[in-house]
Amino acid sequence: MTELIKKVVEKLIEAKSVVVFTGAGVSAESGVPTFRDKDGLWQKLKPEELANFNAFLRNPDLVTEWYSHRRKIMHEVKPNAGHYAIAEMEKYFERFTVVTQNIDNLHRRAGSKNIFELHGNIERNYCIKCKKFYDLGDTYPDKAIYCECGGLIRPDVVWFGEFLPEDEYDGAVKAAKSCDVCFSVGTSAVVFPAAYIPIYAKQSGAFLVEINPNPTDLSRMADVVLQGKSGEILPLILSEFKKQKGLL
Ligand code: OAD
């Protein structure tokens, strides 16, 4: 592991532009459940009944309650050492971009600034009729909620069958195609188009590093696979980087 981390840091020292692509695993050590692990959400629940616009119209009470439950968990947890290491890294590079599939806002809370959120953000909600935005703060409704105009209010997250927010995706693709080093952290990398990000980076010549306790479809493509938890490995990379840069 030490040798592999040194290899990654060598590339980082030369890099001008870095992309960190993250998934649910980066928040696992904070206590946010992942989707496809043994105890993941999609083992117990059917995505088509919860993360889908027609399901929301069919049963807005259930979907609203489910997102309230998740938003409450996300409010109660804190960013972990992995999020903080990513946020600190941003200071040391000309261009540094976080591209996340997570809706939990933990990268921002850890201090990351340049973030593309491909699947939305659970903190934002909007009316499906007039598009007015709502901040629900610390209220966690267990039934559907309605706008002044009578429209249903939904979370501003991407559901199955929906398009990704165009600006976020375009910005992420641009960053991926021009980066020198790309990390794929805590994601099974099976949900497209988001999972094109590390692929585009690699195809455009970036050095691809995967951080995950388990192998994924991307592992074969990665230049280095660091097998383990992101909350442990990312701080090791950061501290080796600072050591080699003379910042420690
Ligand atoms: P998944 O649940 O598919 O994958 C989580 C990954 O994190 C797995 O590969 C785990 O091995 C890894 N993992 C678990 N603990 C970890 C840790 N401590 N450190 C690092 N890695 C760890 O979650 P995503 O890849 O994020 O989409 O799923 C992608 C999308 O599928 C989500 O954004 C969501 C879901 O359906 C939408 O809701 C649109």
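Engineer: Looking at this model, I keep getting lost on the overall build of the protein. Mind explaining?
Structural biologist: What the protein contains, in helices and strands, is eleven helices and nine strands. Rg of the C-alpha trace for the protein: 19 Å, near the compact-globule value of 18 Å for 248 residues, within the 12% margin. Long-range pairs, those at least 24 residues apart, make up 68% of the contacts in the protein between residues at least 6 apart in sequence. Here the protein has roughly 12100 Å² of accessible surface; of this, 51% comes from carbon and sulfur atoms.

Engineer: Teacher, can you tell me more about the nonpolar core here?
Structural biologist: Membership of the largest hydrophobic core comes to 28 residues, with the highest contact counts inside it found for Leu12, Val18, Phe183, Val209, Ile211, Leu226 and Ile237. At five residues, helix H11 (residues 230-245) tops the list of elements feeding residues into this core. Setting aside residues no more than four positions away along its own chain, Ile211 makes contact with Phe183, Ser184, Val185, Gly186, Leu226, Gly228, Ser230, Ile233, Leu234 and Ile237.

Engineer: Explain the site of the ligand here, please?
Structural biologist: In the neighbourhood of the ligand, 23 residues make up the surrounding shell, with Phe35, Arg36, Thr187, Ser188 and Asn212 lying closest. Contact between the ligand and Asn214: an oxygen atom at 2.8 Å from a side-chain N or O atom of the residue. Relative to its unbound accessible surface of 800 Å², the ligand loses 93% to contact with the protein. Its residues placed into classes, the shell around the ligand shows eight nonpolar, eleven polar and four charged.

Engineer: Help me out: how do you make sense of the environment of Glu48 in this one?
Structural biologist: Within the secondary structure, Glu48 sits in helix H4 (residues 47-50). Residue classification places Glu48 among the partly exposed positions, given a relative accessible area of 44%. Distance in space between the C-alpha atoms of Glu48 and Gln101 is 18 Å, their sequence separation being 53 residues. The contact partners of Glu48, leaving out residues within four places of it in the chain, are Ala55 and Arg58.

Engineer: It is not clear to me how the pairing of strand E4 (residues 120-127) should be interpreted in this structure. Could you clarify?
Structural biologist: In the case of a regular strand, side chains alternate between the two sheet surfaces. Burial runs high along E4: six of the eight residues are buried. One ladder, built from five bridges, connects E4 with strand E6 (residues 153-157); its direction is antiparallel. Within E6, the residue paired with Asn121 across the bridge is Asp156. Where E4 lies against strand E5 (residues 133-134), two bridges are found, and the strand directions are antiparallel.

Engineer: Is there a simple way to explain the packing of helix H1 (residues 2-14) against H11 in this structure?
Structural biologist: A pair of packed helices is characterised by two quantities: the angle between their axes and the separation of those axes. The geometry of H1 relative to H11 is characterised by a closest axis approach of 9 Å and an angle of 55° between their N-to-C directions. Taken together, the axis directions place H1 and H11 in an arrangement best described as oblique. The handedness of the crossing between H1 and H11 is right-handed. Together, Ile5, Lys6, Val9, Leu12 and Ile13 of H1 and Leu236, Ile237, Glu240, Phe241, Gln244 and Lys245 of H11 make up the contact between the two elements. By residue class, the composition of the contact of H1 with H11 is seven nonpolar, one polar and three charged.

Definitions and limits used
Residues numbered from 1 in each chain as written. Predicted model: local features only at pLDDT ≥ 70, side-chain atom pairs only at ≥ 80, totals over all residues. Heavy atoms only, no water. Helix = DSSP H or I, 4+ residues; strand = E, 2+ residues; numbered from the N terminus. Rg over C-alpha atoms; globule rule 2.2 N^0.38 Å. Contact = heavy atoms within 4.5 Å. Areas by Shrake-Rupley, 256 points an atom, 1.4 Å probe, with all protein chains shown as cover. Core = buried A, V, L, I, M, F, W, Y, C linked by side-chain atoms within 4.5 Å. Buried < 20%, exposed > 50% of the residue type's maximum accessible area, 1.4 Å probe, protein only. Near = heavy atom within 4 Å. Polar contact = N/O pair within 3.5 Å; in protein donor to acceptor, adjacent residues only side chain to side chain. Nonpolar A, V, L, I, M, F, W, Y, C, P; charged D, E, K, R; others polar. Pairing = 2+ DSSP bridges. Axes fitted to C-alpha atoms, helices over the stretch in contact; angles between N-to-C directions. Parallel < 35°, antiparallel > 145°, perpendicular 65-115°, else oblique. Left-handed = near helix turned anticlockwise from the far one by under 90°.

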